[in-house]
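# A closer look at the structure
Okay, here's what each chain looks like letter by letter:
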Amino acid sequence: MFVNVRSALLQVTSFTNFIDIIGDNNPMSAVARFMDFPQFKKDLIMLWNSNFLKARRLRGKTDIAMNEILEGVDSSKEFFWKVAQNLLRLGYKPTQLGDSFAIALGGASFYRNRFNTYVELGKSETEAHNRAMRDLRERAEEVQQSSRADLISQQQASITGRIFLSFQNVTMQYTRIAKKLLGDLRN
């Protein structure tokens, strides 16, 4: 069985993806949220148990290659392929847990700062919570590995890209984000 612990540890380091250079979750604001540890802990637990992260862990599809492998194995009804499918799921479990932990860890300060921003703008606590969670989901899908086909480039979708760029999903997402930001600055 292939258990990729290194991938899981690298996933955890991606909690920094939720810190902005400027904005309501800048480094100083993120540290301030962490210093309020009781609230930070509540937010982290709330995010870990959120429907978004539960679904992300259960569906088992955090990147394109894993998604395609599991779908290919799912299509077979033979005993060997079912065993292989279960072993693959177990092998990817540490990476899935690392992904969820990174989102919850980085997302706790992001969520609380965004929640506070919406409350300051006059939103009710329920509406602030819903908007902050929506923003968190959008950020997570944008910066964390995703099996969403609309988040891969045309190069990655090609046959050559499937071979040579299969492990560059997040890197290419970042490149597209940076290119968009530079274009926005230029305009």
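Look up: the structure comes first, before these words.
In short, a report on the structure. Owing to the predicted nature of the structure, the values given are computational and were not obtained by experimental measurement.

## Re the overall build of the protein
- A tally of helices and strands in the protein yields 10 helices and 0 strands.
- Written out in order from the N terminus, the α and β elements of the protein read α-α-α-α-α-α-α-α-α-α.
- When contacts within the protein are restricted to residue pairs at least 6 apart in sequence, long-range pairs at least 24 apart make up 68% of them.
- In the form shown here, the protein has an accessible surface area of approximately 11300 Å², with 63% of it arising from carbon and sulfur atoms.

## Section: the nonpolar core
- Ranked by internal contacts, the top residues of the largest apolar core, which has 18 residues, are Phe 18, Leu 47, Leu 53, Ile 103, Tyr 111 and Leu 136.
- Sorting the residues of this core by element identifies helix 3 (37-48), helix 4 (51-59), helix 6 (79-120) and helix 7 (125-143) as the ones contributing at least two each.
- When residues of this core are assigned to their parent elements, the largest contribution, 7 residues, is made by helix 6.

## Some points on the packing of aromatic side chains
- Following the criterion strictly, the structure yields 5 aromatic pairs and no others.
- A ring pair is formed by Phe 18 and Phe 110, whose centres lie 6.2 Å apart and whose planes are at 65 degrees; its orientation type is edge-to-face. With Phe 18 in the loop between helix 1 (5-13) and helix 2 (27-35) and Phe 110 in helix 6, the pair connects residues that are 92 residues apart, well separated along the chain.
- Take Phe 18: its relative accessible area is 0%, and that puts it in the buried class.
- Site record: aromatic cluster; members linked through ring pairs are Phe 34, Phe 37 and Phe 40.
- When the ring centre of Trp 48 is taken as origin, the NZ or CZ atom of Arg 57, which lies over that ring, is 4.2 Å away.
- The ring of Tyr 118 has Arg 131 lying over it, and the distance from NZ or CZ to the ring centre is 5.8 Å.

Criteria and cut-off values
- Along each chain, numbering runs from 1 in the same order as the chain's sequence is written.
- Reporting of local features is limited, given that this is a predicted model, to residues whose pLDDT is at least 70; pairs of side-chain atoms are given and counted only at 80 or more, and all residues count toward the totals for whole chains, interfaces and linings.
- Values shown for side chains rest on all heavy atoms present in the structure; no hydrogens or waters enter the calculation.
- Strands are runs of DSSP state E lasting at least two residues, helices are runs of H or I lasting at least four, and both sets are numbered from the N terminus onward.
- Any two residues having at least one pair of non-hydrogen atoms within 4.5 Å are treated as being in contact.
- Note that accessible areas follow from Shrake-Rupley with a 1.4 Å probe, and for residues the cover is restricted to the protein chains shown.
- Buried Ala, Val, Leu, Ile, Met, Phe, Trp, Tyr and Cys residues form a nonpolar core when they are joined through side-chain atoms within 4.5 Å.
- For every residue, the accessible area (1.4 Å probe, protein chains only) is compared with the maximum for its type, and the residue is labelled buried under 20%, exposed over 50%, or partly exposed between those bounds.
- Any pair of Phe, Tyr and Trp rings, taking the six-membered ring for Trp, is counted once the centres come within 6.5 Å. Such a pair is stacked with planes under 30 degrees apart, edge-to-face with planes over 60 apart, and tilted for the rest.
- For a Lys NZ or an Arg CZ to count as sitting over a ring, it must be within 6 Å of the ring centre and within 35 degrees of the ring normal.

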